[in-house]
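Here's the letter readout for the chains.
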Amino acid sequence: MTDNGPLYLGFDLSTQQLKAIVIQSDLSIVSSAKVDFDQDFGAKYKIKKGVLVNEEEGEVFAPVALWLESLDLVLQRLQEQNTPLSRIKGISGSCQQHGSVYWSHEAEQLLGGLTEDKPLVDQLTGAFSHPFAPNWQDHSTQHECDKFEETMGTAERLAQATGSAAHHRFTGTQIMRLRRKLPEMYTSTSRISLVSSFLASLFLGSIAPMDISDVCGMNLWDIPSNNWSAPLLDLASGGSPDDLRAKLGEVRQDGGGSMGNVSGYFVKKYNFSPDCGVAPFTGDNPATILALPLRPLDAIVSLGTSTTFLMSTPVYKPDPSYHFFNHPTTPGQYMFMLCYKNGGLAREKVRDVLPEASSAGDVWEKFNKFALETPPLDVRKEGDRAKLGLYFYLPEIVPNIRAGTWRYTCDAKTGEGLEEVKEPWGKEVDARAIIESQALSMRLRSQKLVTAPREGLPAQPGRVYLVGGGSLNPAITRVLGDVLGGADGVYKLDVGGNACALGGAYKAVWAFERGEGETFDELIGKRWKEEGAIQRVDEGYKEGVFEKYGNVLGAFEKMEEEILKVAKNT
Ligand SMILES: Nc1ncnc2c1ncn2[C@@H]1O[C@H](COP(=O)(O)OP(=O)(O)O)[C@@H](O)[C@H]1O
Ligand SMILES: O=C(CO)[C@@H](O)[C@H](O)COP(=O)(O)O
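If you look the chain up in an unreviewed UniProt entry, it shows as Xylulose kinase from Cercophora samala. If you open the UniProt record of the chain and go to Function (unreviewed entry), you find "Highly specific D-xylulose kinase which participates in the catabolism of xylose. Xylose is a major component of hemicelluloses such as xylan. Most fungi utilize D-xylose via three enzymatic reactions, xylose reductase (XR), xylitol dehydrogenase (XDH), and xylulokinase, to form xylulose 5-phosphate, which enters pentose phosphate pathway." The Catalytic activity (unreviewed entry) comment attached to the chain in UniProt states, word for word, "D-xylulose + ATP = D-xylulose 5-phosphate + ADP + H(+)".

Here it is as structure tokens:
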């Protein structure tokens, strides 16, 4: 670390953790710290995997107070490592998408009057009209989703306007439901923040505007007209669109620059400089595409609690089965995203029932052994049928199928003769089958966005970058490479689970150091050094193997369609 250059702080407030990462202008990492919600506060807030669940209504939510306590704790941990917080010139961050925080009428006053002698949680309890933030795993809003699509006519039209069809977790449907369920709470709400603008607000000491990319996770922002959608605001607000517009506030168009200086609380308590600026925070997925300079055709797979597949593209081609967001830094660019609820936690469920699974040592050892010893689609010899499954321990997003496990087989060469298997096959086959299933779904839905990277190759991504906790797993990375390809290889970001925090920190560097008209990719592209930042973990495209999965892609789609007919989420 140099002795006196500026430092930048990036956060990631995700489902299970709050991470902080401090970097220098040359993008090198100075220090990092994290709070694990279950480990640090599980007993106090009675959370599991970062959230509380009301099974009966499909509600999943997190206590806002938990996040306040976590922010103080993560800063204290950075301080304990002697991180020179006084040198931090700018702060930005990434937060779980879609969650919403409800501020009371006292919020601005309480945020503006924080004193360093008490923790945030003691001073801000009165700043919220609702103690909980709905989490992206919430699935209580089917009724509201139906109304959103009805209002726009079809799921296609809603996707054309807002970048996505109606989704349970999207903030507009969540706001509409909470207004109906808790009318008094809604009336006593002065402002509504996304998790990203909530965290930025704490640093600013006043309520921050929403971010131009994260706002696309609400089903309320009309992307082509760059404004709130009038009919959808009207619907969500129950006929008082102006009131809801005021609660949502302005949307900041510029992903860079400063929204203001850090609040005195952080200056006095943690020795931040009074000149330290706060840049807009964004969603964790938009921040992930900022964790490295992405080239056209490159894809990122984020293996966190959720699994997401991300690409950056200049083409706005929305469809009800996926999502488009404004790019977090570059006007005219978009982020393409697929999001699955059954990511890391579903793989853990399969892992935990494997024969001989041991709880000591590496908990993934058996899972990895079975996944690597099983051949693609469990086709061991000529004539064996390919095995395909769906492993949904939670109701899934795409396809919109209820929780359940299904197993099918089909002809491995043609994909024909798809049949459901009534007796489950050996549990050890599930280890590979669940990864294949998750990857086949991503390949199916992204195939229209990819082309042949070079003559003679089938259409596929160029590089596939893996981030998030699951990227540490060699069996998962191998199977993803087998199915998704990647003509230029599969890489893991060396910061493992910290990619979006790093994306947040890079965003802060760009926000405060950009030259006139200098784009994020230009600035970061000049400073980013591949060596030490990424590690090649799989060759990606393997001739013969990739094609085996291509042979059953149609059968996989048909399997989903069959299951949808009998097991649609209602
Ligand atoms: N070695 C590993 N192999 C497979 N999965 C792992 C491994 N280490 C962590 N994970 C998974 O990573 C997930 C957490 O990833 P992380 O990116 O930190 O999540 P989030 O950002 O959602 O809090 C856990 O649910 C766990 O299943
Ligand atoms: O709902 C989505 C994206 O639409 C999730 O990706 C959330 O943004 C939370 O992600 P984690 O990092 O906690 O898995």
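So that's the structure; there's more coming.
Let us now look at the sheet that holds strand β21 (residues 404-411). Read from one edge of the open sheet, three strands run β20-β21-β22, paired in antiparallel fashion. Each having just a single partner strand, β20 (385-392) and β22 (419-420) make up the two edges of the open sheet. As judged from the two bridges shared by β21 and β22, these two strands associate in the antiparallel manner. Residue Thr409 lies in a different strand from β22, and its bridge partner there is Glu419.

To continue, consider the nonpolar core. Ranked by internal contacts, the top residues of the largest apolar core, which has 131 residues, are Trp228, Leu248, Leu388 and Leu480. At 10 residues, helix α18 (residues 499-513) tops the list of elements feeding residues into this core. Residue contacts for Leu248: discarding those within four places in its chain leaves Ile175, Arg191, Ile192, Met210, Met218, Leu220, Trp228 and Leu233. One finds Leu78, Ala107, Phe198 and Ala208 within the second-largest nonpolar core, a separate group that totals 58 residues.

To continue, consider the pairing of strand β6 (residues 88-95). It is a general feature of regular strands that their side chains alternate between the two faces of the sheet. Extensive coverage of β6 is indicated by the burial of seven of its eight residues. Taken together, the seven bridges between strand β1 (residues 7-13) and β6 define a ladder with parallel strand orientation. Residue pairing in the sheet places Tyr8 in a bridge with Gly90 of β6.

Those residues carrying the UniProt feature "domain: Carbohydrate kinase FGGY N-terminal" (unreviewed entry) are residues 135-236 in this numbering. Along residues 135-236 the backbone is 51% helical and 10% strand, and the end-to-end C-alpha distance reaches 18 Å.

Below, the discussion takes up the site of ligand 1. What surrounds ligand 1 is a group of 15 residues, the closest being Ser14, Thr305, Glu348, Gly469 and Asn473. Gln16 is positioned such that a nitrogen or oxygen atom in its backbone is 3.5 Å from an oxygen atom of ligand 1. Within the side chain of Trp364, a nitrogen or oxygen atom sits 3.4 Å from a nitrogen atom of ligand 1. Bound to the protein, ligand 1 loses 82% of the 580 Å² it would expose on its own. Mapped onto the shell around ligand 1, the elements with two or more residues apiece are β2 (17-24) and α14 (344-352). At three residues, the largest contribution of residues to the shell around ligand 1 is made by α14. Its residues assigned to classes, the shell around ligand 1 shows three nonpolar, 10 polar and two charged.

Looking now at the site of ligand 2. Near ligand 2 lie 14 residues; those nearest to it are Thr15, His98, Arg169, Asp284 and Ser306. Residue Thr305 places a main-chain N or O atom 3.3 Å away from an oxygen atom belonging to ligand 2. Calculation on ligand 2 without its partners gives an accessible area of 380 Å², and the protein chains cover 95% of this total. When contributions to the shell around ligand 2 are tallied by element, the ones reaching two or more residues are α13 (284-288) and β19 (334-340). Here the residues of the shell around ligand 2 sort into three nonpolar, nine polar and two charged.

What follows concerns the sheet that holds strand β4 (residues 52-54). One open sheet accounts for three strands, arranged β4-β5-β8; its pairing is antiparallel. What marks the edges here is a single partner per strand, and that holds for β4 and β8 (132-134). When strand polarity is set aside, the average angle formed by the axes of neighbouring strands in this sheet is 35°. For strand β5 (residues 59-63) and β8, the ladder comprises three bridges, and the chain directions are antiparallel.

This part is about the side chain of Asn135. One can find Asn135 in the loop between β8 and α5 (142-152). According to the relative accessible area criterion, Asn135 is buried, its value standing at 2%. Setting aside residues up to four positions removed in sequence, Asn135 forms contacts with Thr15, Val51, Val60, Phe61 and Gln96.

Moving on, we get to the environment of Glu116. Within the element layout of this structure, Glu116 appears in the loop between α3 (107-112) and α4 (120-124). Glu116 sits 263 residues away from Val379 along the chain, and the two C-alpha atoms are 63 Å apart. Sequence-distant contacts of Glu116, defined by excluding residues within four places in its chain, comprise Tyr265, Lys268 and Lys269.

Looking now at the packing of helix α1 (residues 37-45) against helix α2 (residues 64-80). Taken N-terminus to C-terminus, the directions of α1 and α2 make an angle of 140°; their axes are 11 Å apart at the nearest point. Taken together, the axis directions place α1 and α2 in an arrangement best described as oblique. Handedness of the α1/α2 crossing: right-handed. Within the contact between the two elements, α1 uses Phe37, Asp40, Phe41, Lys44 and Tyr45 and α2 uses Ala65, Leu66, Trp67, Glu69, Ser70, Leu73 and Arg77. Here the contact of α1 with α2 is composed, by residue class, of seven nonpolar, one polar and four charged.

Cut-offs used in this document
Residues numbered from 1 in each chain as written. Chains lettered and ligands numbered in written order. Predicted model: local features only at pLDDT ≥ 70, side-chain atom pairs only at ≥ 80, totals over all residues. Heavy atoms only, no water. UniProt positions renumbered as here; feature names shortened; annotations may be inferred. Pairing = 2+ DSSP bridges. Helix = DSSP H or I, 4+ residues; strand = E, 2+ residues; numbered from the N terminus. Core = buried A, V, L, I, M, F, W, Y, C linked by side-chain atoms within 4.5 Å. Buried < 20%, exposed > 50% of the residue type's maximum accessible area, 1.4 Å probe, protein only. Contact = heavy atoms within 4.5 Å. Near = heavy atom within 4 Å. Polar contact = N/O pair within 3.5 Å; in protein donor to acceptor, adjacent residues only side chain to side chain. Areas by Shrake-Rupley, 256 points an atom, 1.4 Å probe, with all protein chains shown as cover. Nonpolar A, V, L, I, M, F, W, Y, C, P; charged D, E, K, R; others polar. Axes fitted to C-alpha atoms, helices over the stretch in contact; angles between N-to-C directions. Parallel < 35°, antiparallel > 145°, perpendicular 65-115°, else oblique. Left-handed = near helix turned anticlockwise from the far one by under 90°.

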